[in-house]
Amino acid sequence: MKSRFLIVYALLAMFTFSACDESTEDLGSSLTTRVDKLNVSNQVFQVTSRSVSAGEVWSRSNVGYLGCVKDPETDSYIKSGFMSQFHLLNNFQLKDISQIASRDDAGMVMADSCEIRLFYSAIYGDSLATMKLTVYEMDHPMLEDQHYNTDFDPVSEGYVRTDGIRKDAAYTLINYTDNNRTDDDYGDNICVKLNDPYTAKNGVTYSNFGTYILRTYYEHPEYFKNTITFMKNVVPGFYFTHAGGIGSLAQVAFPRINIFYRTHSADTIAQSLTYITGSEEVLQTCHIQNDYSLIDDMIADNSCTYLKTPSGIYTELTLPVDEIYAGHDNDTINSAKLVLTRLNNDVSSEWSLGIPTNLLMVASDSLSAFFDSQQLADYKETFLSSYSSSVNGYTFSNISGLISHMAQIKKAGLAGNPNWVSEHPNWNKVLLVPITPQYRTTTSYYGSSTRTLTGITYDMSLSSTRLVGGSTPIELSVIYSKFNE
């Protein structure tokens, strides 16, 4: 009944606008007759589902992940490292060389010390777990116009300098020995010191990595013109990989190279800091290592379906397109609603993985093209849904446009090829993919804010959940309407 009222309301609006240019003498009687001929019906169909391996996915992300943890629900291990380049602000400038007070015995400019700090925005696991990482200096930059998947290892692929920086460091995510913790602007981080002598590609040895950057700046200021020239000629990036320990994983928001030195003005000596950060303006990629033998066991479990990140498991749905249109050739599909219910964890643990927050529904055969061309959800053929605790699941309110599109594609295919269906077995299948959306917020002159979707990437965070499905069909509720003659 509610749907009938909504349709009547839409008709009223339609006729109201059309009445502006037409006579209104017969409006009441014609509208009443039209609505009386409207037939609204609904039907429930069964959707089948299964778990499928995500395999290796495009690893570009706005953040890096570092560490190794164990999922207590599935006993699967997840390791991650990441590569980050560094963004140089346009018109980057240091003080005049005459103002640099830090000098070696020969009077050459030098850095007193240098470090990389990995500032993290979130963690999973035990912040006191003892972990170990290895930092590698990149030999040459990874390229923006190439796709690097989650199985891409810069070490084995020859992207790191064999004679460059290779630094091991032990850490805990909560570092109580950090003297900077009392600073007002302190942010939790992992610190790696780069104070050992450093030999550049040209064979020149510097007191530390910071000294190399400072002297390169004064000798070749053109290398610091922008990020591209900086990456090509000075710092191609660093690769941070998990080297030991189990129990924590950090979501690194941005890495930062800190260079400390002294400057002087008149008779005053001051401590100075120059830093260069990784950011969303430059490339960051993750190298994910999953326990695929356990993932295969989860996929074989037909009591449910799984969503697991990063680079883990998707849920595939087979939509009953033929059944939906059977006997409804002349009907309009007003809505098709699908609710995916989550199953609560069987294992209670303070280290349980989080629930995927956002899902993308996309046609199975269109998944790669969607991410490769960096598309956005159009809510016609691709849809987004967020986890809701009120329904303990995900709701796709109306996927009627997708169902209609699939029916049209099949009809066109069969018109030219009677074997089209057997040649396109995924024609009515969609994937549910955990994703990370990016938004841009703008504020109007009057103070109102508008949030606009600007990008969608694969979810590289740690998450896992089970959905009702597999051997248990999912209900798809469809509402039709048509005008009886």
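All values reported here derive from a predicted model rather than from experimental measurement. (Residues numbered from 1 in each chain as written. Predicted model: local features only at pLDDT ≥ 70, side-chain atom pairs only at ≥ 80, totals over all residues. Heavy atoms only, no water.)

Q: Teacher, can you tell me more about the overall build of the protein here?
A: Scanning the protein from terminus to terminus reveals nine helices and 23 strands. For 485 residues, the compact-globule formula gives about 23 Å, and the C-alpha radius of gyration of the protein, at 29 Å, lies well above that figure. Principal-axis analysis of the C-alpha atoms gives the protein an extent of 100 × 60 × 50 Å. Counting over 485 residues, the protein shows a buried share of 47%. (Helix = DSSP H or I, 4+ residues; strand = E, 2+ residues; numbered from the N terminus. Rg over C-alpha atoms; globule rule 2.2 N^0.38 Å. Buried < 20%, exposed > 50% of the residue type's maximum accessible area, 1.4 Å probe, protein only.)

Q: Hey, could you run me through the nonpolar core in this one?
A: When a protein is soluble and globular, its nonpolar side chains tend to lie buried together. Counting residues in each nonpolar core, the largest one holds 75 residues, and the members touching the most others are Phe209, Phe238, Ile257 and Phe371. The contact partners of Phe371, leaving out residues within four places of it in the chain, are Trp58, Leu360, Val433, Ile435, Ile456, Thr457 and Tyr458. The next biggest cluster of nonpolar side chains, apart from the first, holds 30 residues, and it includes Leu317, Leu319, Ala336 and Leu476. (Core = buried A, V, L, I, M, F, W, Y, C linked by side-chain atoms within 4.5 Å. Contact = heavy atoms within 4.5 Å.)

Q: I keep staring at the packing of aromatic side chains and nothing clicks. Help me out?
A: Taken as a whole, this structure holds 23 aromatic pairs when the rule is applied. Taking the centre distance of 5.6 Å and the plane angle of 75° together, the rings of Phe209 and Phe238 count as edge-to-face. Remark: Phe238 occurs in strand β10 (residues 238-244) and Phe209 occurs in helix α3 (residues 209-219); sequence separation between them is 29 residues. On the basis of an interplanar angle of 20° and a centroid distance of 3.8 Å, the ring pair of Phe371 and Tyr458 is categorised as stacked. You can see Phe371 sitting in helix α7 (residues 367-372) and its partner Tyr458 sitting in strand β21 (residues 449-458), a full 87 residues away along the chain. Members of the aromatic cluster, each reached through a chain of ring pairs, are Phe82, Phe86, Tyr198, Tyr206, Phe209, Tyr212, Phe238 and Phe240. Directly above the ring of Tyr275 sits Arg256, whose terminal nitrogen or CZ lies 4.5 Å from the centroid. Over the aromatic face of Tyr439 sits the side chain of Arg451, whose NZ or CZ is 3.7 Å from the ring centroid. (Phe/Tyr/Trp six-rings, centres within 6.5 Å; stacked < 30°, edge-to-face > 60°. Lys NZ or Arg CZ within 6 Å of the ring centre and 35° of its normal.)

Q: Explain the pattern of salt bridges to me, please; I cannot follow it from the model alone.
A: For side chains bearing opposite charge, pairing can occur when the charged atoms are close. Tallied over the full model, the rule gives 14 salt bridges. A salt bridge links Lys410 to Asp322; the shortest N-O distance between them is 2.9 Å. Placement of the pair is Lys410 in helix α8 (residues 400-416) and Asp322 in helix α6 (residues 321-325), with a sequence separation of 88 residues. Put simply, Asp331 and Lys482 hold a salt bridge, and the shortest N to O gap is 4.0 Å. Separated by 151 residues along the polypeptide, Asp331 in the loop between α6 and β16 (332-343) and Lys482 in strand β23 (residues 474-483) bring together distant segments of the chain. In this structure Asp331 comes out as buried when scored by relative accessible area, which is 15%. One network of salt bridges, in which partners are shared, links Glu115, Arg117 and Lys193. (Salt bridge = Lys/Arg side-chain N within 4 Å of Asp/Glu carboxyl O.)

Q: Can you walk me through the confidence of the model for the protein in this structure?
A: For any part of a model where pLDDT is low, the fine detail of the predicted coordinates should not be relied upon. For the protein, the mean per-residue pLDDT works out to 89, and 92% of the residues sit at or above 70. Taken together, the stretch residues 1-32 has pLDDT below 50 and engages in 19 contacts with residues farther than four places along the chain or on a different chain. (pLDDT = per-residue confidence, 0-100.)

Q: Looking at this model, I keep getting lost on empty space enclosed by the protein. Mind explaining?
A: Empty space among the atoms can be located by rolling a probe the size of a water molecule over them. Scanning the entire structure with this criterion turns up one cavity of 30 Å³ or more. Considered as a void within the structure, the largest cavity measures approximately 50 Å³ in volume. Every residue lining the largest cavity is listed: Ala54, Val57, Lys308, Thr309, Pro310, Ser311, Gly312, Tyr314, Val433, Pro434, Tyr458 and Asp459. The set of elements that each furnish at least two residues to the lining of the largest cavity consists of β14 (305-309) and β20 (429-443). (1 Å grid on protein atoms, 1.4 Å probe; cavity = no way out; pocket = protein on both sides within 12 Å on 5 of 7 lines; lining within 4 Å. Points joined across faces, edges and corners; volume = space filled by probe spheres on them.)

Q: I would appreciate a short explanation of α8 in the present structure.
A: Compared with an ideal rise of 1.5 Å per residue, which puts 17 residues at 24 Å, α8 spans 25 Å between its outermost C-alpha atoms and is within 8% of the ideal. Within the sequence span of α8, burial applies to Ser400, Leu402, Ile403, Met406, Ala407, Lys410 and Gly413. Along the long axis of α8, the arc covered by the buried residues comes to 165°, so they all point the same way. Exposed side of α8, more than 90 degrees from the buried face: Gln408, Lys411, Ala412, Ala415 and Gly416 are the residues found there. (Expected span 1.5 Å × (residues − 1). Arc of directions from axis to C-beta.)

Q: Looking at this model, I keep getting lost on the layout of surface pockets. Mind explaining?
A: Computed from the structure, the largest pocket encloses a volume of approximately 340 Å³. Secondary-structure elements contributing two or more residues to the lining of the largest pocket are β17 (358-363) and α8. Here the lining of the largest pocket gets four residues from one element, more than from any other, and that element is α8. Looking at the lining of the largest pocket residue by residue, the class counts come to nine nonpolar, six polar and three charged. (Nonpolar A, V, L, I, M, F, W, Y, C, P; charged D, E, K, R; others polar.)

Q: What am I meant to see in the environment of Phe209 here?
A: For Phe209, a relative accessible area of 1% gives the class buried. Taking the C-alpha atoms as reference points, Phe209 and Glu115, 94 residues apart in sequence, are found 8.4 Å from one another. Setting aside its immediate chain neighbours within four residues, Phe209 contacts Cys114, Ile165, Leu194, Asp196, Tyr198, Val235, Phe238 and Ile257.

Q: I tried to follow the environment of Ser121 on my own but got confused; where do I start?
A: For Ser121, the position within the fold is in strand β4 (residues 113-125). Residue class for Ser121 comes out partly exposed when judged on its relative accessible area of 47%. Residues Ser121 and Ala253, spaced 132 residues apart in sequence, show a C-alpha to C-alpha distance of 5.6 Å. Not counting residues within four places of it along the chain, the set of residues in contact with Ser121 comprises Gln251 and Ala253.

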